[in-house]
Amino acid sequence: AQSVSQHNHHVILSEAASLELGCNYSYGGTVNLFWYVQYPGQHLQLLLKYFSGDPLVKGIKGFEAEFIKSKFSFNLRKPSVQWSDTAEYFCAVKQGGATNKLIFGTGTLLAVQP
Amino acid sequence: DTAVSQTPKYLVTQMGNDKSIKCEQNLGHDTMYWYKQDSKKFLKIMFSYNNKELIINETVPNRFSPKSPDKAHLNLHINSLELGDSAVYFCASTQGNGELFFGEGSRLTVL
C-alpha cells in the first residue's frame, strides 16, 4: 500500500534559521505531490504542489520544495523561518490515474522561537 | 464567501448518541471527502464521493454513514457514538487533481 513518511515529528527552530522538512513516499508511478500547512486551531491550507515540469516548486510565504524522483522525496524548505511559521506541516501524495485518493504523512510540528 | 463550509464547528455529546455533521462546497467541484484528524494530528481519509457516488470507503465502522444529496453537499452521520470517535472531522473537495480545499473542521467530543 502507498505510504507517506515524514521523519521529523517535531522541529524547534529559532527565527531566521533555515528549515528543511523531509517527505518520502512509497509509490513508484506518476504522483502529484503536495505540502499543506495547518496553523494552530485552523484548517489545512495548500502551501505548494507539484504535478510535472520543474522539480523545484515555489509556494506561498517563501516556501519551496524539491521533487527528487530517484529518492521518492519531496522535501520542504524555507531559507529563513519566522515565528508566524509555527504550525503543523503535512506532506501528501496522490497517485496518478483515476483515483482521487490523497494520502497524508503523519505531519511535522514546527515551533519557531522568537 | 467560504469555499467549503462545515456545521457545526463544535459538537459535544454523550456516548451512544447519534449526531450529524454537514458540509457544503461552492467551488463546483465533483469530488468531496471526509477526513478524520485524531489527537496526534494524524489525518485519515474516511470517505470520498464523486458526483454523489461513493468511490472511497476506508474500512470505517458502519456506524458512520455518509450521504451526498448532490455534488455540492456531503454529510456525515454517526450512530452510537463512542469515546474513540472524538476527533476533528474535516470535509474537503477537489476538482480531480488531488489539490484539496478543506473546510474549517468540526471538533467532536464524546463524553
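I'm lost on the nonpolar core in this one. Help?
Grouped burial of nonpolar side chains is what soluble globular proteins tend to show. A:Trp35, A:Leu48, A:Phe74, A:Leu76 and A:Tyr89 are the most contacted members of the largest nonpolar core, which totals 29 residues. Put simply, the parts of the chain that give this core at least two residues each are β2 (10-14), β3 (19-21), β5 (31-38), β6 (44-50), β8 (64-68), β9 (73-78), β10 (87-95) and β12 (108-113) of chain A. Among residues more than four places away in sequence, those in contact with A:Leu48 are A:Leu33, A:Phe34, A:Trp35, A:Val57, A:Lys58, A:Gly59, A:Phe63, A:Glu64, A:Ala65, A:Phe74 and A:Leu76. B:Phe47, B:Phe64, B:Ala87 and B:Val110 belong to the second-largest nonpolar core, a separate cluster that totals 20 residues.

How should the environment of B:Asp70 be read in this particular structure?
Residues and elements named next belong to chain B. Tracing the backbone through its elements, the reader meets Asp70 in strand β7 (residues 64-70). When its relative accessible area of 30% is taken as the criterion, Asp70 is described as partly exposed. With 61 residues separating them in the primary sequence, Asp70 and Lys9 have C-alpha atoms 22 Å apart. Reaching out from Asp70, the side chain makes a polar contact with the backbone nitrogen of Ala72 at a distance of 2.9 Å.

Is there a simple way to think about the state of the cysteines in this case?
Defined simply, a disulfide is a covalent bond joining two cysteines at their sulfur atoms. Considering all chains together, one arrives at 2 disulfides over all chains under this definition. Disulfide pairing places A:Cys23 opposite A:Cys91 at an S-S distance of 1.9 Å. Its torsion about the S-S bond being -65°, the disulfide of A:Cys23 and A:Cys91 is classed as left-handed. Highlighted residues: A:Cys23 in the loop between β3 and β4 (24-25) and A:Cys91 in strand β10, separated in sequence by 68 residues. The class of A:Cys23 is buried, set by a relative accessible area of 0%. B:Cys23 shares a disulfide with B:Cys91; S-S distance 1.9 Å. In this structure the cystine formed by B:Cys23 and B:Cys91 twists about its S-S bond by roughly -80°; its chirality is therefore left-handed. Of this pair, B:Cys23 sits in strand β3 (residues 19-25) while B:Cys91 sits in strand β9 (residues 87-94), and the two are 68 residues apart along the sequence.

Could you clarify how one ought to interpret the pairing of β7(B) in this entry?
Remember that side chains alternate between the two faces of the sheet whenever the strand is regular. All names here are of chain B. Of the strand pairs in this sheet, β7 and strand β8 (residues 73-78) are connected by 5 bridges, and their pairing is antiparallel. Bridge pairing in β8 links Lys67 to Asn75. Between β7 and the antiparallel strand that follows it, β8, lie 2 residues.

What should I look at first to understand the pattern of salt bridges in this one?
All names here are of chain A. Overall, the coordinates contain 10 salt bridges over all chains when judged by the stated rule. Linking Arg77 and Glu64 is a salt bridge whose minimum nitrogen-to-oxygen distance equals 3.4 Å. Pair noted here: Arg77 is in strand β9 and Glu64 is in strand β8, with a separation of 13 residues, a long-range link. Arg77 sits in the partly exposed class, given a relative accessible area of 22%. In this structure Glu64 comes out as buried when scored by relative accessible area, which is 18%. For the salt bridge of Lys78 with Asp85, the shortest nitrogen-to-oxygen distance reads 2.9 Å.

Teacher, can you tell me more about the side chain of B:Thr31 here?
Residue and element names in this part refer to chain B. Tracing the chain through its elements places Thr31 in strand β4 (residues 31-37). Among the residues examined, Thr31 registers a relative accessible area of 1% and is labelled buried. Within polar-contact distance, the side chain of Thr31 engages the side chain of Asn50 at 2.7 Å.

What counts and how
Residues numbered from 1 in each chain as written. Chains lettered and ligands numbered in written order. Predicted model: local features only at pLDDT ≥ 70, side-chain atom pairs only at ≥ 80, totals over all residues. Heavy atoms only, no water. Core = buried A, V, L, I, M, F, W, Y, C linked by side-chain atoms within 4.5 Å. Buried < 20%, exposed > 50% of the residue type's maximum accessible area, 1.4 Å probe, protein only. Helix = DSSP H or I, 4+ residues; strand = E, 2+ residues; numbered from the N terminus. Contact = heavy atoms within 4.5 Å. Polar contact = N/O pair within 3.5 Å; in protein donor to acceptor, adjacent residues only side chain to side chain. Disulfide = S-S within 2.5 Å. Pairing = 2+ DSSP bridges. Salt bridge = Lys/Arg side-chain N within 4 Å of Asp/Glu carboxyl O.

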